[in-house]
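So you can see what is in the structure, the chains are spelled out below.
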Amino acid sequence: MKYVLVTGGVVSGLGKGVTASSIGVLLKGCGLRVTSIKIDPYLNTDAGTMSPFEHGEVFVLDDGGEVDLDLGNYERFLDIKLTRDNNITTGKIYQSVIDKERRGDYLGKTVQVVPHITDEIQEWIERVAMNPVDGTEEAADVCVIELGGTIGDIESMPFIEALGQFSYRVGPGNFCLVHVSLVPVLNVVGEQKTKPTQHSVRGLRGLGLIPDILACRSTQPLEEQVKVKLAQFCHVPIPNIINLHDVTNIWHIPLLLRDQKAHEAILKVLDLQCVGKVPREPKLAEWTDRASKCDKLKTPVRIAMVGKYTGLSDSYLSVLKALLHASVALNRKLVVEWVPSCDLEDSTAQETPDAYEKAWKLLRGADGVLVPGGFGDRGVQGKILAAKYARENNVPYLGICLGMQIAVIEFARSVMKLHGANSTEFDPATKTPCVIFMPEGSKTHMGATMRLGSRRTLLQVKNCKSAKLYGNASYVDERHRHRYEVNPDMVQEFEKAGLSFVGRDESGRRMEIIELPTHRFFIGAQFHPEFKSRPGNPSPLFLGLIAAASGQLDHLLQRLTGRGICSNGHVMKVYKNGHVMKPLKGLVNGHYPATGNGPIPI
């Protein structure tokens, strides 16, 4: 096993996750199997209880792991399926060591950071790196490890020490350190400054880690004399200084790495340049096509994103990616109109009328409405008003998790005239509980107590839009993250009033997908389809939303006739005799296939 460690310096938010993912794409293009590990030095066991405002979205894996959003980048870039163990936190490491101490594994020993914590980190990395992640039974050739935070952070010191020991443990030729650093330009001076990177590398070397490759972030391409200066003071060869300057879309990042021969530098450090082991040049033609196509899109499709975390786009990162995958597949330029749900409410009209008018103007000017998942009662009334607007005005609507639940509440209030209808999450004493707490949930513990991970949804209505979008599949496996569900005792009343529950779980009592049959496109999903969307395989429900918003839905559904979709989202052509050919990837103007996988970031 070979290891590539990606660290960061100077400031956070430089794009270590994108860099690590792009390195993985580059190595995968060279014919290597790649897996990824993200190290987060915080004490939380996982990301499940962290605020989206503070940490961005919580990404959910097939096994129910609530992890850092960078694992979503890894899955989308590399088209792999990771597990909760691919996200290492300080909390997990200390919990494991404490559990061992309580069992008596260290009997007679004083348990310390060195060697017990550092050994646990190294053993965890070695164990998880061997887990297959690409659908085969074979282990990866290279594991790309991203260390969160910046060099010098107190909380990351045990990991720095462990990784220093680990580089010695695996030996020369098996470990490559890529350090991502900032080369800023001060407006007053107007020149690229190398001092921040020099200090960052000096701190890294002082902690026992020596960078093999520098990945320098900058607004403009690095000047040649800047590279010479960095090589002189950071002791890194000029060919190993890679520039990751600002680009029009991050599909270009793997291409930047390739064009600067980063793969040759990495393969040399990892002793993988021998002829016959891997091809010398990575195959990234599909990435080139996507990057170019993404830049050329001109016809806009406007989607109103109605939520309460609109001040931080990372809170809805996977939703944005899924929207973009679908819009690019349908040759549309995605325009996301951020609509704070609180601003749609009557209270805002009285307190800040300008914000109220702006929010409603954005909503009314959108081609489609999307209400994503969320927790808590703040802004819920605004989301209900958005769902009502979309339903009454025949505007395409997609509700995810809470977005589905509020659509049910709005339908009960407006159509069924149940004015007190609500979720017990927002009003525990409601006399008309449309949405209720799940029986198996915990009301005392927050972490990992929701319905999490991949669950099966049975599509029970054959001619509905959802079933057609999923290629008339009888079931789909999608990822969940929720504590509340539609009250099964009220389902019959809803269906009599015209709301169709077209997808249910295997028990038949848990509602998974709703539709309004008479509406142009009005769908709600209890699961989170965005987590399994891939650039070459957009989520069917997101495809439906973009197609409806851009006037292509009928054509899309027609093109999907006679095709099936696997539980992993890949589209398959089904012959008349029932035989199935291999998956086809991508959709352009309703036609399959398109070019293969690759990330289309927002």
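Reading the values: the criteria
- Residues numbered from 1 in each chain as written.
- Predicted model: local features only at pLDDT ≥ 70, side-chain atom pairs only at ≥ 80, totals over all residues.
- Heavy atoms only, no water.
- Helix = DSSP H or I, 4+ residues; strand = E, 2+ residues; numbered from the N terminus.
- Polar contact = N/O pair within 3.5 Å; in protein donor to acceptor, adjacent residues only side chain to side chain.
- Buried < 20%, exposed > 50% of the residue type's maximum accessible area, 1.4 Å probe, protein only.
- Contact = heavy atoms within 4.5 Å.
- Pairing = 2+ DSSP bridges.
- Axes fitted to C-alpha atoms, helices over the stretch in contact; angles between N-to-C directions.

**Q** What is the right way to read the environment of T424 from this model?
**A** Position of T424 among the secondary structure elements: in the loop between β14 (421-423) and β15 (432-437). As for T424 and E485, which are separated by 61 residues in sequence, their C-alpha atoms are 10.0 Å apart. At 3.5 Å, the side chain of T424 forms a polar contact with the backbone nitrogen of F437.

**Q** What's the story with unusual backbone geometry in this structure? I'm lost.
**A** Comment: phi is negative for the bulk of residues other than glycine, and the bulk of peptide bonds are trans. In the segment running from V114 into P115, the intervening peptide bond is cis, with an omega of 15 degrees. Position of P115 relative to the elements: it lies in helix α5 (residues 113-129). Despite not being glycine, H235 has its phi angle at roughly 60 degrees, a positive value. Turning to its location among the elements, H235 is positioned in the loop between α8 (224-234) and β9 (241-245). Residue H235 is classed as exposed on the basis of its relative accessible area of 53%. If you check the backbone angles, N394 has positive phi at about 60 degrees while not being a glycine. Take N394: it is sitting in the loop between α15 (380-392) and β13 (397-400).

**Q** Where do I start with helix α9 (residues 252-259) in this structure?
**A** The periodicity of an α-helix, 3.6 residues per turn, causes residues three or four places apart in sequence to face the same way. Of all the residues in α9, the buried ones are I253, P254, L255, L256 and L257. For α9, the elements touching its buried residues are α1 (16-29), β9, α10 (262-269) and α11 (285-296). K261 occupies a position one or two residues after α9 and carries a positive phi of about 60 degrees.

**Q** Please clarify how the side chain of T35 should be interpreted in this entry.
**A** Summarising the element assignment, T35 is placed in strand β2 (residues 34-40). Given a relative accessible area of 0%, T35 falls into the buried group. Ignoring sequence-local partners within four residues, the contact set of T35 consists of L82, N86, A129, V133, A140, V142, C143 and V144.

**Q** Explain the sheet that holds β14 to me, please; I cannot follow it from the model alone.
**A** Sheet strands associate in pairs through backbone hydrogen bonding, adopting either a parallel or an antiparallel arrangement. Ordered by their spatial adjacency, three strands build an open sheet running β14-β15-β18, and the pairing between neighbours is mixed. Because the sheet does not close on itself, it has two edges, and the strands there are β14 and β18 (484-486). Adjacent strand axes in the sheet meet at a mean angle of 25 degrees when their direction is disregarded. By the bridge criterion, three bridges tie β14 to β15 in an arrangement that is parallel. From the neighbouring strand, S423 faces β15, where its bridge partner is V435. Helix α16 (residues 402-414) rests against β14, β15 and β18 of the sheet, and its axis sits at about 165 degrees to β14.

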